[in-house]
2 protein chains.
Amino acid sequence: MSNGINARDVAKLAGVSQSSVSRVFFGGASVSEKTRKKVLAAAEELGYVPNEFARSLITNKTRLIGLVMKGVHNPFYPQVLQEFTTHFNELGYTILFVHTNHDEIQKEDIEMLLHYHVAGVIITDATLSLKVIEEFKNNKIPVVLFNRKVEEPNFFSVGTNNLEASRQIAKFLIEKGCKDMAYISGARNTSTSIEREKGFSEMLAENKVPYKIYHSDYSYDGGFKTAKEIIQAGDIPSAFFVANDIMALGVLDALREQSIDVPAKTKVIGFDNIEMAAWPIYNLTTWEQPIAQMAKETVSYIISEIEEYTDRIGNIEINGELIERKTT
Amino acid sequence: MSNGINARDVAKLAGVSQSSVSRVFFGGASVSEKTRKKVLAAAEELGYVPNEFARSLITNKTRLIGLVMKGVHNPFYPQVLQEFTTHFNELGYTILFVHTNHDEIQKEDIEMLLHYHVAGVIITDATLSLKVIEEFKNNKIPVVLFNRKVEEPNFFSVGTNNLEASRQIAKFLIEKGCKDMAYISGARNTSTSIEREKGFSEMLAENKVPYKIYHSDYSYDGGFKTAKEIIQAGDIPSAFFVANDIMALGVLDALREQSIDVPAKTKVIGFDNIEMAAWPIYNLTTWEQPIAQMAKETVSYIISEIEEYTDRIGNIEINGELIERKTT
């Protein structure tokens, strides 16, 4: 257990250099048996236990994983946070939590992660520029984009198959007999919202089903407000595909407020399968994101790149599944 | 910007010891002008920038704050996480996130926090033994219990005034004409649940209003299940005080499932004022916890103890307020 004693104190008492103390505890260049004994005796006398920082100074590696997250107001992300914390904890790693209020990860955040010599970085709902990825690459720090991807394929990303999922959702609604539909998007610059829109609208176009696109922001309030505007415009479609669950709950509440019967008058389907989707008051039909498997793939990539950095790139997409409840 | 080059590389190129490199960048014992020049030349050639770990090895301090949290499934805690991340970020500190699945903080968690030489620790919904507090005290690491307190006053805690709040809640319901009441508790070993029960039941006893206590667990499912059992037993009171909001939402959904009219047939009041309490489908009357102020007090204590460790103890309680909505 640590107690405020550091390598300098041990070196002083043992009458050796601080780097000798480091070598005894962390390997590296050899150290004489005499020095080793002096250091161990001093360490024992002082109750010194080497700390993570000392180790990192020698190995240039830590057991910290940077997790960059934006939307803790969407219950999907606290679930993701818990998943990563549990997995990495079991492997002896700790989460350095970076909350960003910006769409794009900021220069300060990157510098902080580099200063702490994180062993790996996971970026969830924030986006990042290619320049930023280069900074991590130069430092041989593996990065995973989780539930996001960018166009140029020079990084590693893990997500669900949004294109295929949204095609399936469209197919499901067509088979339910829906004649016209609405897609309510999330933040427009996110890959998830873009892909869900693409798969959904392509399938509808192939089947000659008319649809409208409404832009919103992945929040409950956004979903509520957008649905309210659609209702007020008298433009209620026979089905809504809402780009995430938390917005879909807002849509359901806006419809309920106007006593519009779901699923009789219109149907609603979300995306994520957050816990609240199953609550009896909502009973939301949705597409389940396989968070546990997505997290597992992410952890496995990061650990293998920590062991041997190969700068492997790629995009892993894990299929989710439709969870049919009572809003369709 | 860091680039994988460490103090050892600089020392090697400069032909000096690693501790000389440290002294050049972080002070400590003096170093000759000749050595200093050699080190700076080597550092420049290699593009070496000293990192946080190197600094911490010398100063024995980091800019990491350990945040221990259990219930990320309760939206109250992601809000708390965001509050702390934002505040500490502004001050140049980063959050080391520790998620525990246990009621009590575990030995491994403590050791990890000590190994990383955190500058301070915030413990939210987990409890901790007095022995654990001693470990932090021995290392002069300030600790705050946030939204929790323990009996023996040898630590610092920040919360809301639960006793007074629950007395006010009882008074409010009595004035609404409620003739018998139920208290649905959270996890039984938590100070919040115990104090809310105490204040509520004392005020009811003083006013000779009968009440029953039901034990639950601070989760949506717990609230739903407990309310369902009460309904099935035909024991519906004229008002429920539910120890937190997320349980209160479960109670409302169980009542709605049985078409029991709120607030006509029975009233429900929660605690926290999480975002969802304001959603139109719930419109939950609740007691708002002043999270922002509570976080501010916590940050201010930790920063002052980092600057000068005085092991100040105490309990700061900030008053919240009743938010009356439609369930009463």
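For every chain, the first residue of the written sequence is number 1, and numbering continues from 1 onward in sequence order. Labels are handed out in written order, letters beginning with A for the chains and numbers beginning with 1 for the ligands. The predicted nature of this model means local features are confined to residues of pLDDT at least 70 and side-chain atom pairs, given and counted, to a pLDDT of 80 or more, with totals for whole chains, interfaces and linings taken over all residues. Note that the side-chain values use all heavy atoms of the structure and ignore hydrogens as well as water.

The name recorded for chain A in an unreviewed UniProt entry is DNA-binding LacI/PurR family transcriptional regulator, from Ureibacillus chungkukjangi.

*Asks:* Mind showing me how you'd approach helix α12 (residues 291–307) of chain A here?
*Replies:* Residue and element names in this part refer to chain A. A run of DSSP states H or I qualifies as a helix once it reaches four residues; a run of E qualifies as a strand once it reaches two. Both are numbered from the N-terminal end. Multiplying 1.5 Å by the helix residue count minus one yields the expected span of that helix. With 17 residues, α12 should cover 24 Å at 1.5 Å per step; its first-to-last C-alpha distance of 24 Å lies within 8% of that length. All buried positions along α12 are accounted for by I291, M294, A295, T298, V299, Y301, I302, I303, E305 and I306. Contact partners of the buried residues in α12: β1 (64–69), α5 (76–90), β3 (120–123), β4 (143–146), β5 (156–160) and β11 (314–318). Exposure classes here rest on a 1.4 Å probe applied to the protein chains alone. A residue is buried below 20% of its type maximum, exposed above 50%, and partly exposed in between. Contacts between residues were defined by any pair of non-hydrogen atoms, one from each residue, lying within 4.5 Å.

*Asks:* Looking at this model, I keep getting lost on the environment of A:T286. Mind explaining?
*Replies:* Residues and elements named next belong to chain A. Relative to the assigned elements, T286 resides in strand β10 (residues 286–288). Linking T286 and I274, residues 12 residues apart in sequence, is a C-alpha distance of 9.1 Å. Among residues more than four places away in sequence, those in contact with T286 are D245, I269, G270, F271, D272, N273, A277, E321, L322, I323 and R325. Two N or O atoms count as a polar contact when they lie within 3.5 Å, although within protein this holds only if one can serve as hydrogen donor and the other as acceptor, and sequence-adjacent residues are included solely when both atoms are side-chain atoms. Looking at T286, its side chain comes within polar contact range of the side chain of D245, at 2.6 Å. Here the side chain of T286 touches F271 through a polar contact of 3.0 Å, landing on its backbone nitrogen.

*Asks:* Would you mind showing me how to read the sheet that holds β3(A) here?
*Replies:* Backbone-to-backbone hydrogen bonds pair the strands of a sheet. The strands run either parallel or antiparallel. In spatial order, the strands read β11(A)-β5(A)-β4(A)-β3(A)-β1(A)-β2(A)-β2(B)-β1(B)-β3(B)-β4(B)-β5(B)-β11(B); together these 12 strands make up an open sheet with mixed pairing. Single-partner strands in this sheet number two, and they are β11 of chain A together with β11 (314–318) of chain B. For this sheet the average axis-to-axis angle between neighbouring strands, irrespective of direction, equals 25°. At least two bridges found by DSSP between two strands is the condition for calling them paired. Strand direction decides the pairing type here: β1(A) and strand β2 (residues 94–99) of chain A, joined by 6 bridges, are parallel. Pairing of A:L64 across the sheet is with A:T94, part of β2(A). Only C-alpha atoms enter the line fits that serve as axes; for helices the fit covers just the stretch in contact. Angles between N-to-C directions range over 0 to 180 degrees.

*Asks:* Would you take a moment to explain the packing of helix α8 (residues 162–175) of chain B against helix α9 (residues 191–206) of chain B for this structure?
*Replies:* Residue and element names in this part refer to chain B. The contact between α8 and α9 brings their axes to 7 Å, and the two run at 40°. Taken together, the axes of α8 and α9 lie oblique to each other. Here α8 runs over α9; the crossing is right-handed. Listed contacts from α9 to N162, L163, S166, R167, I169, A170, K171, L173 and I174 of α8 are T192, E195, R196, K198, G199, F200, E202, M203, L204 and E206. Each residue is assigned to one of three groups, with Ala, Val, Leu, Ile, Met, Phe, Trp, Tyr, Cys and Pro labelled nonpolar, Asp, Glu, Lys and Arg labelled charged, and all others, Gly among them, labelled polar. Here the contact of α8 with α9 is built from residues that sort into 8 nonpolar, 4 polar and 7 charged. Any angle that falls under 35 degrees is termed roughly parallel, while one over 145 is termed roughly antiparallel, one within 65 to 115 roughly perpendicular, and all others oblique. Whether a crossing is left-handed or right-handed is set by the direction in which the near helix is turned from the far one by less than a right angle, anticlockwise for left-handed and clockwise for right-handed.

*Asks:* Which parts of the structure should I look at to understand the sheet that holds strand β8 (residues 239–242) of chain B?
*Replies:* All names here are of chain B. Ordered in space as β7-β6-β8-β9, the 4 strands form an open sheet in which the pairing is parallel. Edge positions in the sheet fall to β7 (211–215) and β9 (267–269), since each of these pairs with one other strand and no more. The mean inter-strand angle of the sheet, taken between neighbouring strand axes irrespective of direction, is 20°. By the bridge criterion, 3 bridges tie β8 to β9 in an arrangement that is parallel. Pairing of F240 across the sheet is with V268, part of β9. Contacts from helix α10 (residues 220–232) reach β6 (181–185), β7 and β8 within the one sheet, and its direction differs from that of β7 by about 135°.

*Asks:* Got a minute to help me understand the domain arrangement of chain A in this structure?
*Replies:* All names here are of chain A. When its domains are assigned, chain A resolves into domain 1 (7–59), domain 2 (64–160 + 291–318) and domain 3 (162–288). Computed from C-alpha coordinates alone, the two centres of domain 2 and domain 3 are separated by 29 Å. The interface is formed by 11 residues belonging to domain 2 together with 15 residues belonging to domain 3. Buried area is understood as the total, over both parts, of accessible area removed when two parts are fitted together, assessed with a 1.4 Å probe. Approximately 1100 Å² of surface area, both sides summed, lies buried where domain 2 meets domain 3, with 47% of it carried by carbon and sulfur atoms. By the criterion of area lost to domain 3, the three top residues of domain 2 are N74, R148 and T160, representing 39% of everything that side buries. Here, a salt bridge means any Lys or Arg side-chain nitrogen found within 4 Å of an Asp or Glu carboxyl oxygen. At the junction of domain 2 with domain 3, the criterion picks out 1 salt bridge. Run the count over domain 2 and domain 3 and you get 4 residue pairs in polar contact (both at pLDDT 80 or more). Partitioned by chemical class, the residues of the side of domain 2 that touches domain 3 number 2 nonpolar, 5 polar and 4 charged. Domain ranges listed in this record stem from an automatic or a database domain assignment.

*Asks:* Would you mind going over the confidence of the model for chain A with me for this structure?
*Replies:* The predicted coordinates of low-pLDDT regions are not to be read in fine detail. The score called pLDDT rates the predictor's confidence residue by residue, from a low of 0 to a high of 100. Residues of chain A with pLDDT of at least 70 account for 91%, and the chain-wide mean is 88. Complex prediction metrics read pTM 0.83 and ipTM 0.81.

*Asks:* Looking at this structure, I do not really get the pattern of salt bridges. What am I missing?
*Replies:* Once their charged atoms are close, side chains differing in charge can pair, the charge on each being opposite to the other. Residues and elements named next belong to chain A. A complete count under the given rule lists 26 salt bridges over all chains for this structure. Among the ionic pairs, K176 bridges to E324, the shortest N-O distance being 2.9 Å. Of this pair, K176 sits in the loop between α8 (162–175) and β6 (181–185) while E324 sits in the segment after β12 (321–323); the two residues are 148 residues apart in sequence, bridging distant segments of the chain. Given a relative accessible area of 36%, K176 falls into the partly exposed group.

*Asks:* Would you take a moment to explain the pairing of strand β8 (residues 239–242) of chain A for this structure?
*Replies:* The side chains of a regular strand alternate between the sheet's two faces. Residues and elements named next belong to chain A. Neither face of β8 is left uncovered, since the one carrying A239 and F241 and the one carrying F240 and V242 both have all their residues buried. Across 4 bridges, the pairing between β6 and β8 is parallel. Each residue of the ladder has a partner; that of A182, found in β8, is F240. Think of it like this: strands point away, you trace from the first strand over the helix to the second, and a clockwise trace means the crossover is right-handed. After leaving β8, the chain enters helix α11 (residues 245–257) and then returns to the sheet as strand β9 (residues 267–269), a path that is right-handed.

*Asks:* When you look at α8(B) in this model, what are you seeing that I'm missing?
*Replies:* Residue pairs spaced three or four apart in an α-helix point in one direction, given the helix's 3.6 residues per turn. All names here are of chain B. Its 14 residues give α8 an end-to-end C-alpha distance of 20 Å, which sits within 8% of 20 Å, the value for a rise of 1.5 Å per residue. For α8, the complete set of buried residues consists of N162, A165, S166, I169, A170, F172 and L173. Looking down the long axis of α8, one finds its buried residues gathered within 160° of arc, a one-sided arrangement. Looking at the residues trailing α8, positive phi occurs at G177, about 90°. Summarising the geometry, the arc corresponds to the directions from the helix axis toward the C-beta atoms.

*Asks:* Would you mind showing me how to read the packing of aromatic side chains here?
*Replies:* By convention here, two paired aromatic rings are described through the distance between centres and the angle between planes. Only Phe, Tyr and Trp rings are paired, with Trp represented by its six-membered ring, and only when their centres lie within 6.5 Å; those with planes under 30 degrees apart are stacked, over 60 edge-to-face, the remainder tilted. The tally for this structure, following the rule as stated, stands at 23 aromatic pairs over all chains. Their ring planes at 5° and their centres at 3.6 Å tell us that A:Y220 and B:W279 sit as a pair that is stacked. Residue A:Y220 is located in helix α10 (residues 220–232), and its partner B:W279 is located in the loop between β9 and β10 (286–288); the two belong to separate chains. An identical accessibility class is assigned to A:Y220 and B:W279; each is buried. Put simply, the rings of A:F84, A:F88, A:Y93 and A:F146 touch in pairs and so form one group of aromatic residues. Taking the ring centre of A:F271 as reference, the NZ or CZ of A:R196 above it sits at 3.7 Å. Whether a charge sits over a ring comes down to the Lys NZ or Arg CZ being within 6 Å of the ring centre and within 35 degrees of the ring normal.

*Asks:* I'm lost on the nonpolar core in this one. Help?
*Replies:* Soluble globular proteins tend to bury their nonpolar side chains together. What is meant by a nonpolar core is a set of buried Ala, Val, Leu, Ile, Met, Phe, Trp, Tyr and Cys residues, joined one to another through side-chain atoms within 4.5 Å. With 149 residues, the main nonpolar core has A:F84, A:F88, B:F84 and B:F88 as its most contacted residues. Other than its neighbours up to four places away in sequence, B:F84 contacts B:L67, B:I95, B:I122, B:F146, B:A295, B:T298 and B:V299. Counting residues in each nonpolar core, the second largest holds 40 residues, with A:L64, A:I105, A:L114 and A:V121 among its members.

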